[in-house]
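Listed here are the chains, written in short residue letters.
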Protein chains: 2
Amino acid sequence: MMSSKLIQMETVGQIIRAKRESLGLLLRQVASHLDIDQAILSKIERNERKPTKQNIIKLAEILKLDEEDLLVQFISERIAYEIADEDCASKVLKVAEQKVKYLKSNLVKN
Amino acid sequence: MMSSKLIQMETVGQIIRAKRESLGLLLRQVASHLDIDQAILSKIERNERKPTKQNIIKLAEILKLDEEDLLVQFISERIAYEIADEDCASKVLKVAEQKVKYLKSNLVKN
DNA sequence: ATATATTTGACAAATGATGTCAAGTAAATT
DNA sequence: AATTTACTTGACATCATTTGTCAAATATAT
């Protein structure tokens, strides 16, 4: 039996907009909670600007989204765009994983 | 039987310095080939400055290192530092891989 | 039509990336 | 030990990117 996993390839912006609208919140309401201009939030939702990590955390809060999930989407999206044009993108990710493990194992100090 | 892979966790800077010295080249010689001040190269080798992608390409050339290998080390190092402090680093990399695949499959259009 | 919500673009400020330069230190040579 | 050669350091300059403000333009809903 074949199991197929359907990957939902929504951007963080799309996730945010969808959830905001489903909650009936206005840009200005959400934006003021994040302490940014609604223009920026508008652009974030349309992938015209990148949110900061703090933006993401506050967005998860007000939109009742799981913070870690949203952060994972956000950071992985940033990385994916960063390396998508490299031939060796997938090798890069594998090596990065080893380096992360190494760094974490030495994170005792500092 | 257990196979263990020893991961060499040299930084790009260390790789470059080691190879430059083994070739008996001076900072100033290599730097001039990269068209940068030797002070920058010195800092790159000691991980005090980040090289540009162009720097890496020229370094591979003059130091007779494999360009793709060096680029992979360089980019993965950048990414590893970027996310090493996240709890969800390894989840991030897995999701990033999916996103990259998705982006590449849609890379037909621009 | 009017009011409300969103989008757009010009601009500003802060931050980060990238480089120059000269003076300081370290290492090797005479 | 003095000199030369190599490397390091820090102050500074320049430029690009990020992050934000604001007001006018557009779209949507009453």
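Summarised in this report is the structure supplied together with it.

1. Quick notes on the interface of chain B and chain A
Interfaces are frequently sized by the accessible area removed from exposure as the parts join.
Part 1 of the argument: Each side of the interface is counted separately: chain B has 35 residues, and chain A has 35 residues.
Part 2 of the argument: Together chain B and chain A conceal approximately 3,600 Å² of surface at their shared face, both sides included; 68% is due to carbon and sulfur atoms.
Part 3 of the argument: Lys91(B) serves as the salt-bridge partner of Glu68(A), at 2.8 Å between the closest nitrogen and oxygen.
Part 4 of the argument: When contributions to the side of chain B that touches chain A are tallied by element, the ones reaching two or more residues are α5 (67-83) and α6 (89-105) of chain B.
Part 5 of the argument: By residue number, the principal contributor to the side of chain B that touches chain A is α6(B), which donates 15 residues.
Part 6 of the argument: Counted by class, the side of chain B that touches chain A contains 18 nonpolar, four polar and 13 charged residues.

2. Structural notes on the packing of helix α4 (residues 53-63) of chain B against α5(B)
All names here are of chain B.
Part 1 of the argument: Between α4 and α5, whose axes approach to 9 Å, the crossing angle comes to 145 degrees. For the pair α4 and α5, the sense of crossing is right-handed. Where α4 approaches α5, its residues Lys-53, Ile-56, Ile-57, Leu-59 and Ala-60 are matched on the opposing element by Glu-67, Leu-70, Leu-71 and Phe-74.
Part 2 of the argument: Class assignment of the residues belonging to the contact of α4 with α5 gives a composition of seven nonpolar, no polar and two charged.

3. Focus on the side chain of Glu77(B)
Part 1 of the argument: Tracing the backbone through its elements, the reader meets Glu77(B) in helix α5.
Part 2 of the argument: For the buried Glu77(B), no salt bridge is present, and the opposite-charge side chain at shortest range is Lys99(A), 4.6 Å distant.

4. Considerations on the protein's contact with DNA strand D
Part 1 of the argument: Around DNA strand D lies a shell of 16 residues, among which Arg49(A), Arg17(B), Arg28(B), Ser42(B) and Arg46(B) are the nearest.
Part 2 of the argument: At 2.4 Å, a side-chain N or O of Arg49(A) approaches a base nitrogen of DNA strand D.
Part 3 of the argument: At 2.3 Å, a side-chain N or O of Arg46(B) approaches a phosphate oxygen of DNA strand D.
Part 4 of the argument: The set of elements that each furnish at least two residues to the surface near DNA strand D consists of α3 (38-45) of chain A together with α1 (12-22), α2 (27-34) and α3 (38-45) of chain B.
Part 5 of the argument: Looking at the surface near DNA strand D residue by residue, the class counts come to six nonpolar, two polar and eight charged.

5. Points about the protein's contact with DNA strand C
Part 1 of the argument: Around DNA strand C there are 17 residues in total, and Arg17(A), Arg28(A), Ser42(A), Arg46(A) and Arg49(B) lie nearest to it.
Part 2 of the argument: For DNA strand C, the backbone makes up 51% of the atoms found within 4 Å of the protein, where backbone means sugar plus phosphate.
Part 3 of the argument: For DNA strand C, a base oxygen lies 3.2 Å from a polar atom in the side chain of Lys43(A).
Part 4 of the argument: Between DNA strand C and Arg46(A) there is a distance of 2.4 Å, counted from a phosphate oxygen to a side-chain nitrogen or oxygen.
Part 5 of the argument: Among the elements of the structure, α1 (12-22), α2 (27-34) and α3 of chain A together with α3 of chain B are those that each provide at least two residues to the surface near DNA strand C.
Part 6 of the argument: Ranked by residues supplied to the surface near DNA strand C, first place goes to α3(A) with four residues.
Part 7 of the argument: Across the surface near DNA strand C, the residue classes tally to six nonpolar, three polar and eight charged.

6. As for the packing of aromatic side chains
Part 1 of the argument: Across all of its chains, the model carries zero aromatic pairs over all chains by this definition.
Part 2 of the argument: Positioned over the ring face of Phe74(B) is Arg78(B), at 5.4 Å from the centre of the ring.

7. Quick word on helix α4 (residues 53-63) of chain A
Residues and elements named next belong to chain A.
Part 1 of the argument: For α4, the full list of buried residues reads Asn-55, Ile-56, Ile-57, Leu-59, Ala-60, Ile-62 and Leu-63.
Part 2 of the argument: Buried residues in α4 make contact with α1, α2, α3 and α5 (67-83).
Part 3 of the argument: Among the residues trailing α4, Lys-64 stands out with phi positive, at a value near 55 degrees.

8. Points about the relation of the copies chain B and chain A
Relating one copy of the chain to the other takes a rotation about an axis and a shift parallel to that axis.
Part 1 of the argument: Its rotation angle being 180 degrees, the transformation that places chain B on chain A also includes 0.0 Å of axial translation and leaves an RMSD of 0.1 Å. The operation mapping one copy onto its partner corresponds to a two-fold rotation axis. Residue Leu93(B), judged by its C-alpha, is the member of chain B lying nearest the rotation axis, at 3.2 Å.

How each quantity is defined
Residues numbered from 1 in each chain as written. Chains lettered and ligands numbered in written order. Predicted model: local features only at pLDDT ≥ 70, side-chain atom pairs only at ≥ 80, totals over all residues. Heavy atoms only, no water. Contact = heavy atoms within 4.5 Å. Buried area = accessible area lost by both parts, 1.4 Å probe. Salt bridge = Lys/Arg side-chain N within 4 Å of Asp/Glu carboxyl O. Helix = DSSP H or I, 4+ residues; strand = E, 2+ residues; numbered from the N terminus. Nonpolar A, V, L, I, M, F, W, Y, C, P; charged D, E, K, R; others polar. Axes fitted to C-alpha atoms, helices over the stretch in contact; angles between N-to-C directions. Left-handed = near helix turned anticlockwise from the far one by under 90°. Buried < 20%, exposed > 50% of the residue type's maximum accessible area, 1.4 Å probe, protein only. Lys, Arg positive; Asp, Glu negative; His and termini not counted. Near = heavy atom within 4 Å. Polar contact = N/O pair within 3.5 Å; in protein donor to acceptor, adjacent residues only side chain to side chain. Phe/Tyr/Trp six-rings, centres within 6.5 Å; stacked < 30°, edge-to-face > 60°. Lys NZ or Arg CZ within 6 Å of the ring centre and 35° of its normal. Least-squares fit on C-alpha atoms with pLDDT ≥ 70 in both.

Note that every value here comes from positions in space, so none of it alone points to a role or purpose.
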